[in-house]
Amino acid sequence: MLPATIGIISLIHGIDMTKPAKIKLTGLLRWIIPLFVLGAAWVYSTASQLNDAYVNDVNIEDLIDAESLECLDCHSAIRYNLENPYTGEVVSMKMYEELRIDPMEYASSTHGSFACTDCHSFEYEIHPHPIEAKFDYEYTCLDCHSAGEQFAQFNFHTIEDEFMRSVHAPEHIEDFSCWSCHNPHTYKLTTREWGSVIDIVAHNNAMCLGCHGDISHYEVLIERQLTNMLSKHEWLPNQSLHFRKVRCIDCHAAVNEDILIPHDVLPADEAVRNCVDCHSTNSILLATLYKHQVVERRNRFGFFNAEITSEAYIIGANRNYYFNVISLVIFGLVLLGIAIHASLRYINYRKRKKMKASS
Amino acid sequence: MAKSKRLYLYPFWLRIWHHVNAVLMIILIITGLSMQYSNPVYPVIRFDLAVSWHNLAGILLTVSYFIFLIGVLFTSIGRYYVIKTEGLAVSFAKQLRYYLIGVFRGEKNPFQVTEKRKFNPMQLITYNLIMHAITPITFITGWALIYPETIVLNVFGYSGIMLTSLVHTIAGFLISIFLIIHLYVITMGKSTRENLKSIIYGYHETHEGDEEHE
């Protein structure tokens, strides 16, 4: 930028500054420019790979048992065929979106190794489904998870207590259950297992926005106007960046030390609104979003809260210790230098004045 | 009494620009520091206010910068910014020596302001760096941070936003250092007040006699 601007200035003012310069850089630039282009291309390619990481080629038959695939013949299709048992006539019917399940997503979900009838009644094997099937018992998470070594780390009981205290508790909204947020057919562990905060946040927030951004999911639970998320969060600058980098629950749920994911969603007026709760070295994000990554408070090249810096830079929370020290030292030296310079000037000025007066 | 001549070096628009620029820079530095060292217990400026003031001042600074750039490109002040490489090293060294040694001995400033040259070699280089490299870097990275979707996600395992913020902060730091030295150098004219007077009134007094320096 500097050479370009000065070059333009010289051109316009007709002053030739190139002659005596014989800039040596041209030799160097020949190398720097291609290297820079290569570097940029590499950066962009790794950045785009981040998004491709979850695409894979596998055969669906290897992942889902044959009986469940039969269910999915209808439940993953946009239309399905129904045969009249008396005339043999076939009609094509719509499968409504609500009842559709993506087989790939199902297979990769936490409970994807289950057969459909592990949770649903065997009566669903009959079509059209008989009415008795509808009165079948619906399992809750705790039915299967209240005991067991493997699940102890999740603290299901604490989670349930928290949920029962939250604004979504069945006490306030009748048909609300764990399944309302944890879609039985797509649920997977994210915060604990995915590396990328951006993906975790996107997945988590989609859970909430499934209702709070979509009236058709909201109004089946409660008769109330859905408030506009964007205008309710207008006080937050760079809103889309914040919604991509922090989870709704980071602001809306009370932190509980015993569980990784806070489940006590508080009334809106108790949500985090104070910027410095996140934008400071004691960022609450370390107790929530980055909780599982917090090992040391200051590592990698001296960044405070270094676990954040691979995916974000939160003003105020990510100070660099060494930069802080270096900048203070430079600052101090400059002030000291000026102080010494000024006093020397003054002393010498007085000396000369005296000499002049005496001569 | 030495003969003195008045040169009109700083046209009115340039002085207005200079002061507006100075005020914006100071707002940016203070709000910037307040955000960087945000502290929930002792907020210098409330965080959200600091963010909005910083953004506003940054936007105005960008506008102000382009006004300056047009001035440099299309008015006569542009010639003061041209660097002639011939003899630059020698005159730079002379100037440095003057500031480090000569000024204490009451020597004459090796650089004389004329209609053709306003900046001594040290000023020439720092002003060019500040105005044509560091300031643009701060406002380009600043705009990128206002529109973070323009920033590459991840560079060698570090957030692109973090690297952009880092460059932004370092550039801002350099400008703060420049500002302090710039303020001190005001006092190094023929008299302690003279430089201040010329940036306010626009005139520079050239003295042909060898008057005593302070």
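Definitions and cut-offs
Residues numbered from 1 in each chain as written. Chains lettered and ligands numbered in written order. Predicted model: local features only at pLDDT ≥ 70, side-chain atom pairs only at ≥ 80, totals over all residues. Heavy atoms only, no water. Helix = DSSP H or I, 4+ residues; strand = E, 2+ residues; numbered from the N terminus. Buried < 20%, exposed > 50% of the residue type's maximum accessible area, 1.4 Å probe, protein only. Contact = heavy atoms within 4.5 Å. Areas by Shrake-Rupley, 256 points an atom, 1.4 Å probe, with all protein chains shown as cover. Axes fitted to C-alpha atoms, helices over the stretch in contact; angles between N-to-C directions. Parallel < 35°, antiparallel > 145°, perpendicular 65-115°, else oblique. Left-handed = near helix turned anticlockwise from the far one by under 90°. Nonpolar A, V, L, I, M, F, W, Y, C, P; charged D, E, K, R; others polar. Core = buried A, V, L, I, M, F, W, Y, C linked by side-chain atoms within 4.5 Å. pLDDT = per-residue confidence, 0-100.

Looking at this structure, I do not really get the overall build of chain B. What am I missing?
Helix and strand content of chain B: six helices and four strands. Along the chain direction, N to C, the helices and strands of chain B fall in the order β-α-α-α-α-β-β-α-α-β. Split into buried and exposed, the 214 residues of chain B put 48% on the buried side. Pairs at least 24 residues apart make up 66% of the contacts formed inside chain B by residues separated by at least 6 positions. Accessible area for chain B stands at about 11200 Å²; split by element, carbon and sulfur atoms hold 69% of it.

What exactly am I supposed to notice about the packing of helix α2 (residues 47–74) of chain B against helix α4 (residues 121–146) of chain B here?
Packed helices, taken two at a time, are described by their axes: the angle between them and the distance between them. Residues and elements named next belong to chain B. For the pair α2 and α4, interaxial distance at closest approach is 10 Å and the crossing angle is 140 degrees. With respect to α4, the element α2 is oriented oblique. In the packing of α2 onto α4, the handedness of the crossing is left-handed. Contacts from Asn 55, Ile 59, Leu 61, Thr 62, Tyr 65, Phe 66, Phe 68 and Leu 69 of α2 reach α4 at Met 131, His 132, Thr 135, Pro 136, Phe 139, Trp 143 and Ile 146. Counted by class, the contact of α2 with α4 contains 11 nonpolar, four polar and no charged residues.

What should I look at first to understand the nonpolar core in this one?
Side chains that are nonpolar tend, in soluble globular proteins, to be buried together. Residue and element names in this part refer to chain B. Residues Phe 68 and Tyr 81 are the most contacted members of the largest nonpolar core, which totals 33 residues. Considering every element that reaches this core, the biggest residue donor is α2, with seven residues. Ignoring any residue separated from it by four or fewer positions in sequence, one finds Phe 68 in contact with Trp 13, Trp 17, Tyr 81, Met 131 and His 132. Residues Val 103, Phe 173, Tyr 184 and Met 188 belong to the second largest nonpolar core, which totals 11 residues.

Before we go on, may I ask you to explain the confidence of the model for chain A in this structure?
Where the model shows low pLDDT, its predicted coordinates should not be examined in detail. Residue and element names in this part refer to chain A. When pLDDT is averaged across chain A, the result is 76; 70% of the residues are at 70 or more. The low-confidence segment residues 14–30 (pLDDT under 50) makes 13 contacts with residues lying over four places distant or belonging to another chain. Every residue in residues 294–302 is under pLDDT 50, and counting partners more than four places away or in other chains gives 26 contacts.

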